[in-house]
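As a plain string of letters, each chain reads:
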Amino acid sequence: MTAQGDPTPGTVRPGGRTARTRSAVRDAVLTGLAEHGYPGLTVEYVAERSGVHKTTVYRRWGSVEGLVADALDLAGEDTWTPPDTGSLEGDLRALAREVTETFGSASAAAAPTAFVAAAFQSDRAAEALRAFYTERFARCESVVRRAVERDEAPPGTDAGAVVRAVSAPLFFRALVTREPIDAPLADQTAAAVAVAVRAGAYLPARR
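Below, the structure is looked at part by part.

Examining the pattern of salt bridges
Taken as a whole, this structure holds 13 salt bridges when the rule is applied. Taking the shortest distance from any N to any O, the salt bridge between Arg22 and Asp70 comes out at 3.0 Å. In this pair, Arg22 sits in helix H1 (residues 19-40) while Asp70 sits in helix H4 (residues 64-75), placing the two residues 48 residues apart along the sequence. For Asp91, the salt bridge goes to Arg146, with nearest N and O atoms at 3.2 Å. In this pair, Asp91 is assigned in helix H5 (residues 88-103) and Arg146 in helix H7 (residues 123-149), connecting sequence segments 55 residues apart. Each member of the pair, Asp91 as well as Arg146, carries the same accessibility label: buried. A cluster of three or more residues bridged by salt bridges with shared partners is formed by Asp78, Glu135, Arg136 and Arg139.

Thoughts on H7
Over its 27 residues, H7 runs 40 Å from end to end, which matches the ideal 39 Å to within 8%, given 1.5 Å per residue. Of all the bends in H7, the largest measures some 25° and sits at Arg139. Sitting at the amino-terminal end of H7 is Ser122, which places a side-chain oxygen 3.3 Å from the backbone nitrogen of Arg124. Asp151 occupies a position one or two residues after H7 and carries a positive phi of about 65°.

Criteria and cut-off values
- Residues numbered from 1 in each chain as written.
- Predicted model: local features only at pLDDT ≥ 70, side-chain atom pairs only at ≥ 80, totals over all residues.
- Heavy atoms only, no water.
- Salt bridge = Lys/Arg side-chain N within 4 Å of Asp/Glu carboxyl O.
- Helix = DSSP H or I, 4+ residues; strand = E, 2+ residues; numbered from the N terminus.
- Buried < 20%, exposed > 50% of the residue type's maximum accessible area, 1.4 Å probe, protein only.
- Expected span 1.5 Å × (residues − 1).
- Bend = angle between axes of the 7 residues up to and from the residue.
- Polar contact = N/O pair within 3.5 Å; in protein donor to acceptor, adjacent residues only side chain to side chain.

Following this line, the structure appears as structure tokens:
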């Protein structure tokens, strides 16, 4: 809260009748990031694209940083759940393929790639992106917990490390070296991580 007791711009969580406004603004942010990238995104563009008055956008979100952060917050409020295929390798394969579907083509990757780029230019966007993936990976940890219950993974396996390991090589290729990623690569990555899990590679290090 500010000294005056008003919500800090960009931290408002509107609901009810204003939920449509928030959704329209988020859609405009996604479109703007895809078309112009973070440097080219403006409050004026978002206002015109969403049909929300510029004054309202400034009052609720404050700046482009606030718009990007709230768009990520809204993305993290979805009902997405991790796959449950009945096996560890199947679940890891499904997770890896979701990454390839998101970053495997230029059109699909435009907005999420722009979010990553924004995180390198804005501390606030970086915090929002970190929070989004922290929450998303936390949801995915159930994949490993189920594997432990099925005796597919040793008790004590670091679930967070496993779900990060299956996506990390794909993120590296998509976002750092800009190499293509596809379903066969996703399957290969999942198989390698599953082997490592069974071998105890993700158990806490002994001291």
